Amino acid sequence: NLLAHCAARTGCPHFGLLVGQQSGLDFMGLVGLLVKSSPDVGTALHSLVRYFHLHARGALTTLRTQNDVAVFRYDIYEVGIPNTVQTGDAAVAAMLNILRALCGPTWTPSEVLLAHRAPETTEPFRRFFH
């Protein structure tokens, strides 16, 4: 509710994206420390998926790999959460920061999918996700 309220009051439809840009492993407590201390990216992501429930309830992360493609997802499953657009945008931005922390600051995904219609202005998303 808070993110949706802030987006409405500020008139900034990408408010969740801005919040997520400030988040990463340092905001995840012990789970973030475990991920950061992992010996390699694969182990780090598997640890994040396995222990994410200790950081946040109502959502989960999944990792699927096939050949040289990895699909990392964040899904909100809690019923009755209003306006998941802002929460989802914040989470996906935070996950990108986590992947850049693990893979290097210049790492970019080949694709980012958000669970809502394209916003009127896509530039903030294009700029952040590259």
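Structure: above.
Along each chain, residues carry numbers from 1 onward, in the same order as the chain's sequence is written. Predicted model: local features are reported for residues with pLDDT of at least 70 only, side-chain atom pairs are reported and counted for 80 or more only, and whole-chain, interface and lining totals are derived from all residues. Remark: hydrogens and water are excluded; side-chain values derive from all non-hydrogen atoms of the structure.

## Re helix α4 (residues 41–51)
Link 1 in the chain: Only protein chains enter the accessibility calculation, which uses a 1.4 Å probe. A residue is then buried if its area is under 20% of the maximum for its type, exposed if over 50%, and partly exposed in between. Helix and strand labels come from DSSP, where a helix needs a run of H or I of at least four residues and a strand needs a run of E of at least two; each type is numbered from the N terminus. For α4, the complete set of buried residues consists of A44, L45, S47 and L48. Seen along its axis, α4 keeps its buried residues to an arc of 160°; they face one direction. With respect to the buried face of α4, the exposed residues turned more than 90 degrees away are H46 and R50.
Link 2 in the chain: Close packing links the buried residues of α4 with α3 (29–36), β1 (59–66), β2 (69–76) and α5 (84–103). The directions considered for the arc run from the helix axis to the C-beta atoms. Here, two residues are considered to be in contact whenever any of their heavy atoms come within 4.5 Å of each other.

## Topic: unusual backbone geometry
Link 1 in the chain: Phi angles above zero are rare outside glycine, and N67 is one such case at about 55°.
Link 2 in the chain: Note on placement: N67 falls in the loop between β1 and β2.
Link 3 in the chain: According to the relative accessible area criterion, N67 is exposed, its value standing at 77%.
Link 4 in the chain: Positive phi, close to 60°, is recorded for H130, a residue that is not glycine.
Link 5 in the chain: Structurally, the position occupied by H130 is in the segment after α6 (123–129).

## Observations regarding the nonpolar core
Link 1 in the chain: Residues belong to one nonpolar core when they are buried, are Ala, Val, Leu, Ile, Met, Phe, Trp, Tyr or Cys, and are joined through side-chain atoms within 4.5 Å. In this structure, L25, M28, V31, V35, A44, L48, F52, A56, A59, M95 and I98 together form the largest nonpolar core, which totals 11 residues.
Link 2 in the chain: Put simply, the parts of the chain that give this core at least two residues each are α3, α4 and α5.
Link 3 in the chain: Setting aside residues up to four positions removed in sequence, M28 forms contacts with L48, F52, H55 and I98.
Link 4 in the chain: A93, F125, F128 and F129 belong to the second largest nonpolar core, which has 7 residues in total.

## Quick notes on the side chain of R100
Link 1 in the chain: Tracing the chain through its elements places R100 in helix α5.
Link 2 in the chain: Residues counted as positive are Lys and Arg, residues counted as negative are Asp and Glu, and His and the chain ends are not counted. When a carboxyl oxygen of Asp or Glu lies within 4 Å of a side-chain nitrogen of Lys or Arg, that pair is called a salt bridge. Buried and unpaired, R100 has E123 as its nearest opposite-charge partner, separated by 12 Å.
Link 3 in the chain: At a separation of 3.0 Å, a polar atom in the side chain of R100 contacts the main-chain carbonyl oxygen of W107.
Link 4 in the chain: Residues contacting R100, with those up to four places away along its chain left out, are P105, W107, T108, F128, F129 and H130. Contacts described as polar in this section are N or O atom pairs within 3.5 Å, which, within protein, must combine one atom able to donate a hydrogen with one able to accept it, while residues neighboring in sequence count only if both atoms come from side chains.

## Comments concerning the side chain of T61
Link 1 in the chain: Mapping T61 onto the fold places it in strand β1.
Link 2 in the chain: For T61, a relative accessible area of 3% puts it in the buried group.
Link 3 in the chain: Excluding its chain neighbours within four sequence positions, the residues that come into contact with T61 are L48, V49, F52, F72, R73, Y74 and M95.

## What about the pattern of salt bridges?
Here the idea is simple: oppositely charged side chains can pair when their charged atoms come close.
Link 1 in the chain: Tallying each qualifying case throughout the model produces 3 salt bridges.
Link 2 in the chain: The shortest N-O distance in the salt bridge between K36 and D26 comes to 2.6 Å. Placement of the pair is K36 in helix α3 and D26 in the loop between α2 (15–21) and α3, with a sequence separation of 10 residues.
Link 3 in the chain: Take K36: its relative accessible area is 47%, and that puts it in the partly exposed class.
Link 4 in the chain: When the shortest N-O distance is used, the salt bridge between E123 and R127 registers 3.6 Å. A residue pair is termed a helical-turn pair when its members lie 3 or 4 positions apart in one helix, as E123 and R127 do in helix α6 at 4 residues.
Link 5 in the chain: Given a relative accessible area of 41%, E123 falls into the partly exposed group.
Link 6 in the chain: Judged by relative accessible area, which is 52%, R127 ranks as exposed.

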